[in-house]
Every structure is written in C-alpha cells, then in structure tokens.
Amino acid sequence: MLTRRKMIQGMAAGAGAALGLPFLPEQLLASSSARKETPKRIVFFMQNQGFDPATCIPEGMKRSGSLAKVKLPEPISPLEPYKERLHIINGLHGIHTSPSHSAFFGALGGYRGSDGVPPSAATIDYELSKVLPQTLLPHLCIGMDSIENMKTKPTIATLSASGAGQPIFMHSNPNHLYQMLYGGISTGDIRLQHEARSNLLNQIEKLAASKGRSLPTADQQRYGQFVNGFKDVNGLRDRLDSVADHLRKFAPKVDARYTSPEYETDWHDALLDLGISSLTSGITNTLTIGSGRGEIFGAWKGLGIEQQGHNLGHMAQPGNPIWIKIRQYNSRMLVKIIEALESVPEGSGTMMDHTLIVYTSNNADKQHTSGANWPVMLLGNFDGSFKTGCFTQLDGKRPINSLYATLLHTAGVPCDHFNMNEKLARKFDTTTGPIQELLV
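Residues numbered from 1 in each chain as written. Predicted model: local features only at pLDDT ≥ 70, side-chain atom pairs only at ≥ 80, totals over all residues. Heavy atoms only, no water.

Q: Now, about the overall build of the protein chain: what can you tell me, with residues and values included?
A: Summing up its helical and strand segments, the protein chain has 13 helices and 12 strands in all. The burial tally for the protein chain puts 58% of its 440 residues in the buried class. For the protein chain, restricting intrachain contacts to residue pairs at least 6 apart in sequence, the fraction spanning at least 24 positions comes to 76%. Total accessible area computed for the protein chain in this model is approximately 17800 Å², and 52% of it derives from carbon and sulfur atoms. (Helix = DSSP H or I, 4+ residues; strand = E, 2+ residues; numbered from the N terminus. Buried < 20%, exposed > 50% of the residue type's maximum accessible area, 1.4 Å probe, protein only. Contact = heavy atoms within 4.5 Å. Areas by Shrake-Rupley, 256 points an atom, 1.4 Å probe, with all protein chains shown as cover.)

Q: Could you give me a rundown of the environment of P154, with the residues and numbers involved?
A: For P154, the position within the fold is in the loop between helix 4 (147–152) and strand 5 (155–163). It is 8.2 Å that separates the C-alpha atoms of P154 and H176, two residues lying 22 residues apart in sequence.

Q: Give me the lowdown on the nonpolar core, citing residues and values where you can.
A: Counting 64 residues, the largest nonpolar core has I88, I289 and M377 as its most contacted members. A per-element tally of this core places helix 11 (residues 321–342) first, with 11 residues. Every residue in contact with I289, bar those within four places of it in the chain, is listed here: V43, F44, F45, M46, I142, M144, L272 and I337. With 38 residues, the next largest nonpolar core counts C141, M170, A411 and F418 among its residues. (Core = buried A, V, L, I, M, F, W, Y, C linked by side-chain atoms within 4.5 Å.)

Q: Break down the packing of aromatic side chains for me, citing the residues and quoting the values.
A: Throughout the structure, instances matching the rule amount to 5 aromatic pairs. Consider the rings of Y178 and Y182, whose centres lie 5.4 Å apart with planes at 55 degrees: the pair is tilted. Of this pair, Y178 and Y182 both sit in helix 5 (residues 174–182), 4 residues apart, which is roughly one turn of the helix. Residues Y404 and F418 carry aromatic rings whose centres are separated by 5.9 Å and whose planes lie at 90 degrees to one another, so their mutual orientation is edge-to-face. Placement of Y404 in helix 12 (residues 400–410) and of F418 in the loop between helix 12 and helix 13 (422–428) is noted, with a sequence separation of 14 residues between them. (Phe/Tyr/Trp six-rings, centres within 6.5 Å; stacked < 30°, edge-to-face > 60°.)

Q: Give a detailed account of helix 11, specifying residues and quantitative values.
A: Over its 22 residues, helix 11 extends 31 Å from the first C-alpha to the last, a length consistent with the 32 Å expected when each residue adds 1.5 Å. Here helix 11 lies mainly inside the structure; 16 of its 22 residues are buried. (Expected span 1.5 Å × (residues − 1).)

Q: Which residues make up the packing of helix 3 (residues 124–131) against helix 12, and what values go with them?
A: Viewed as axis vectors pointing N to C, helix 3 and helix 12 meet at an angle of 10 degrees, and their least axial separation amounts to 10 Å. Looking at the two axes, helix 3 sits roughly parallel to helix 12. Note on element contacts: helix 12 touches helix 3 through Y404, L407 and L408, opposite I124, E127 and L128. Its residues assigned to classes, the contact of helix 3 with helix 12 comprises 5 nonpolar, no polar and 1 charged. (Axes fitted to C-alpha atoms, helices over the stretch in contact; angles between N-to-C directions. Parallel < 35°, antiparallel > 145°, perpendicular 65-115°, else oblique. Nonpolar A, V, L, I, M, F, W, Y, C, P; charged D, E, K, R; others polar.)

Q: Lay out the pattern of salt bridges in plain terms, naming residues and giving numbers.
A: Under the counting rule described, the total for this entry stands at 10 salt bridges. R293 is the salt-bridge partner of D145, the closest N and O atoms lying 3.3 Å from each other. Of this pair, D145 sits in the loop between strand 4 (139–144) and helix 4 while R293 sits in the loop between strand 7 (286–291) and helix 11, and the two are 148 residues apart along the sequence. Each of the two residues, D145 as well as R293, counts as buried. In this structure, the salt-bridge partner of K336 is D273, at a minimum N-O distance of 2.7 Å. Residue K336 is found in helix 11, and its partner D273 is found in helix 10 (residues 264–280); the two are separated by 63 residues along the sequence. (Salt bridge = Lys/Arg side-chain N within 4 Å of Asp/Glu carboxyl O.)

Q: Give me the lowdown on the environment of H314, citing residues and values where you can.
A: Among the secondary structure elements, H314 is positioned in the loop between strand 7 and helix 11. Here the alpha-carbon distance between H314 and K366, two residues 52 residues apart in the chain, equals 8.6 Å. There is a polar contact of 2.7 Å between the side chain of H314 and the side chain of H310. (Polar contact = N/O pair within 3.5 Å; in protein donor to acceptor, adjacent residues only side chain to side chain.)

Q: Before we move on, could you go through the pairing of strand 1 (residues 41–47) and cite the residues and values that matter?
A: As a general feature of sheets, a regular strand has side chains that alternate between the two faces. Buried residues dominate strand 1, accounting for 7 of its 7 residues. Both faces of strand 1 are covered, namely the face carrying R41, V43, F45 and Q47 and the face carrying I42, F44 and M46. One ladder, built from 7 bridges, connects strand 1 with strand 10 (residues 355–361); its direction is parallel. Looking at the pairing, V43 lines up with I357 of strand 10. (Pairing = 2+ DSSP bridges.)

Q: If you had to explain the side chain of D145 to someone new, which residues and values would you point to?
A: Note on D145: relative accessible area 0%, which makes it buried. Reaching out from D145, the side chain makes a polar contact with the side chain of N149 at a distance of 3.2 Å. Not counting residues up to four positions away in its chain, the partners in contact with D145 are M150, E264, H268, R293, F297, G298 and A299.

Q: Can you lay out helix 5 for me, pointing to particular residues and giving the numbers?
A: Buried residues dominate helix 5, accounting for 7 of its 9 residues. Three or more residues of helix 5 are buried, namely P174, L177, Y178, Q179, M180, L181 and Y182. N-capping of helix 5 is provided by N173, with a side-chain oxygen placed 2.8 Å from the backbone N of N175.

Q: Report on unusual backbone geometry, specifying residues and quantitative values.
A: We note that R293 has phi near 60 degrees; this positive angle belongs to a residue other than glycine. Residue classification places R293 among the buried positions, given a relative accessible area of 0%. Phi is positive for A364, which is not a glycine, with a value near 55 degrees. Tracing the backbone shows A364 in the loop between strand 10 and strand 11 (376–379).

Q: Outline the environment of E74, listing residues and values.
A: With respect to the helices and strands, the residue E74 is situated in the loop between strand 2 (65–66) and strand 3 (86–93). Linking E74 and Q328, residues 254 residues apart in sequence, is a C-alpha distance of 7.8 Å. Setting aside chain neighbours within four positions, we find E74 in contact with I324 and Q328.

Right, here's the structure in full:
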C-alpha cells in the first residue's frame, strides 16, 4: 500500500513527465516582463550514433578555410544554399565524458555520463536558458525515436539537466506537447482534454498544499518541492492562456500526423513544427532536439529505412546510403528551422540573425567511440558573434566544454571553464575561456 508521501510524489512525477518540466520553481517560469536585451535564442540538435567528420567536412579540406568554393558532402547537401551561415568544427574532444554508446547527460554537460547515471551538473542548454532574455518557458526539449518508444515513453530524460540529479524531460508525443502549449486556444477534444487536465492539476495542488502540513518536519521541505511543482505547472498554463491571442498566430495545424501517424517520421515532423512554433512565438529561447533521444535507439521507417536501433551505430557512416538519408533528413530539418526564423522580422533583421543552431551527436564521432574527436556544426552567428561560411580544424586538445564556455561568453556570461574544476581542466584543456578561432 502506498504511503501518502509516495502517492503524492508519484502524482508529482507523473505531472512532470506529462508536461516535460522539472520541479523547481526557478527552473520553470520566467517573468513575462522580459529584460530589455538583445533577443537571442539557441537550438541544440543532437543526433545519436555519432557524427562522422567525413559526413560534414568537404573533400580535400585538411586545414581551416572558407567554404565558399567547396561543395558540401552529400549527407549535408541540403545545407548548400545556406553555406554562408555554416561553420564546421573538427578537433574538439570529449574523452573525459566516456561517450561510447552515448555520453547521455555528459554530452551537453561536458562530464562523465552513462546509461542510467543521473546528471552531475546542469547542462549547457539549461545554463543558456537562464542567461538569455527570459521567456514563458525558458527551455523546451523534444525527443524523436521509433513510434513504439514514443508512445510507450512519451517523455524521457537523458540529455538535459537543470542541476545535479535534476534531469529535464524531453517531449516525444506531439499530442501531449500541443496540448501543453496550445490547449488554451484549441477547440473540440483538445480543448476538453486541456480543461480536464487543468482542473485535475489545480485540485492536486490544493490537496497537496493542505495535506503537506501534517507531515513530519524532516519531510516538509522535500514535499514542498512537489507542491511548488504543481504550482509552477499550473502557473505556466495560466501564462500561456494569458497570451492566447498572440499564440493563435503561431500554433501549427493539427492534422493526421498527430493522431494517425503512418511512420515515426510523421511525429518527428510534428514535433519539429511545435519546436519551431515555440521559438517563433517567443514561448521559449532554448530548444533541444534529441534525434534518438540521447540513447542508442532511433528509427526512420518513413525514409524507407527498415533497420533501426543499436545496429545503425555499427554501420560505417561515410558513403552509407542509410546514413546519407538520415543526415539529409536532419539537414532538411535544420533548413526548416532557418527558413522559419528568417521569415519573422526582428530588430533590423530577422529572428535567424540572433539565433545559433548547434548540431552534433551525443556520442562524438561514432558508436563505441573514445570521444577523441567530436565534430560540431554551427548555423547562424548569434547576433554577429561567430564566424560563418568556414571550416575550423582544431588540434584535438580542447574539450567540448570549451565550446560551451564559448557559448556562454557570447551570451554575455564569460567563464574560464564550463563544468570543469581546475584539476580536470589541467588534464583535459590546454587553455582557458572561449575558443578564439570560432569568434568574429
């Protein structure tokens, strides 16, 4: 029989899983009166199974240089029209993260990660969401997988974290995510489900608040976190409802892909649409996309690929028609993000002018990797901060942490090392601060 404490914990965890939110108030909601700052945003796109450098570095390029007169490799060929916005980076390392099948939270955290191991610190996407101009939902994570996995596990936490032992959930069911973001402006069944969930969560919040007073003093602090969790979930819903007229301009159309997906890629595409709408509407400034959800699985039957899961990681990527299809599909997603952001005016330019897209893998260059080489592509210049239209070959002596320190530097929060104490930095990094070769 469940104790009262365990029952409430279970309900709180269920609410968090359903909504994809961590349960600490300062990590959920930002003030709707945003600071008057340059509007910046960032997207992390993490593909599992590794990112072989041969699939992104133009043939014959051995040294740093311009991309203007070279042809992009076939796997990323959809990015050819946007080459002037692209920066390909080779020669970072993540040896200390022990990526192998996946570094899990360590990929964005820059620390040792493994299957089932909780995060040891906040990840870079969450840290950036705190320092970028604040939004209603500072950080949104979406995860793409096989249709079976997305249905049975509509949320999963493997890539992003708000602190040690505090994972952030990825949404994998577009119906649930749509209801969270746009339920208040919907009609029909979506509206009814939204109202039913809202009433339930309001009742749980009141019940939890009143019953918590009878717990022993030692349990009240932990219990209070769960009560605050329900308050924050309900507060987010209320804030989204308060800007309903604005959100109507950006809400994607709900079609058969949501309710009757033929392939998992239907849900992948719907999730991407929701992620893009959360950026263009201003709901969030930080979007993390996990293709394969940070694990060793993943499926793309909608691309005509019958193989799925772990076996994909045992296939060589260069020249492989399967991986060419997957990587081109990803590249088309990146193009879709770019085109959507370019279509929205912002300041003297567009939203894309103030955005950075970071594309890499959660396990460096390949499956069963040592992490000695961790290729990365950047798209956009983050309000003029990063060089574009170029390839940079580094010497393999700076860790992915140094890239994350560079991102914080360009967001206005300089640091010597990201998630590295002095002892680790002396062992795995050759200098401090940002990677100057990447900056304007």
